[in-house]
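An overview of the molecular structure
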Amino acid sequence: MKPDALRGMSKEDILNRFQPNCCVQCNVVLHETTTGNRRTARGCMCSDCYYAELGQEIEEHPIGIPRRRRGS
Ligand SMILES: [Zn+2]
């Protein structure tokens, strides 16, 4: 990349360019092996946020979760 390409870019733009995978939730830089790197409809997320959101959705929409049956 030519240095000229960086002109007119904000600091955030530059950081995003060199660190394209940041968690959309907590903005941590994602590494596959450490934070995890989950692709979601909203963007990339770390494992913590991914599972936190996943858990929340399951709580809000508890469809498809098998319930324990009593008896038998
Ligand atoms: Zn996160």
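Cut-offs used in this document
- Sequence order as written defines residue numbering, which begins from 1 separately in each chain.
- The predicted nature of this model means local features are confined to residues of pLDDT at least 70 and side-chain atom pairs, given and counted, to a pLDDT of 80 or more, with totals for whole chains, interfaces and linings taken over all residues.
- Secondary structure is summarised from DSSP: a helix means a run of H or I of at least four residues, a strand means a run of E of at least two, and numbering begins at the N terminus for each.
- To sort residues by burial, count the other C-beta atoms lying within 10 Å of each one's C-beta; a count of 20 or more means buried, 12 or fewer means exposed, and anything in between means partly exposed. C-beta atoms are built from the backbone.
- Along the chain, pLDDT gives the predictor's confidence residue by residue, from 0 to 100.
- Think of a nonpolar core as buried Ala, Val, Leu, Ile, Met, Phe, Trp, Tyr and Cys residues chained together by C-beta atoms that fall within 7 Å.
- Two residues qualify as being in contact provided that their C-beta atoms, derived from the backbone, are within 7 Å of each other.

**Quick look at the overall build of the protein**
Of regular secondary structure, the protein possesses two helices and two strands. Within the span of the protein, comprising 72 residues, buried residues form 8% of the whole.

**A look at the confidence of the model for the protein**
Of all residues in the protein, 76% have pLDDT values of 70 or greater, and the mean over the chain is 81. Averaged over each element, pLDDT in the protein is lowest for helix H1 (residues 11–18) (67) and highest for strand E2 (residues 43–45) (91).

**Points about the nonpolar core**
In this structure, Cys23, Leu30, Met45, Cys46 and Cys49 together form the largest nonpolar core, which totals five residues. With near-sequence residues (within four places) excluded, methionine 45 lies in contact with Cys23, Val24, Gln25, Arg38, Thr40 and Tyr50.

**Looking at the environment of glutamate 53**
Here glutamate 53 shows up in helix H2 (residues 47–60). In this structure glutamate 53 comes out as partly exposed when scored by C-beta crowding, with 15 C-beta atoms within 10 Å. When the C-alpha atoms of glutamate 53 and glutamine 25 are compared, they prove to be 9.6 Å apart, with 28 residues separating the residues in sequence.

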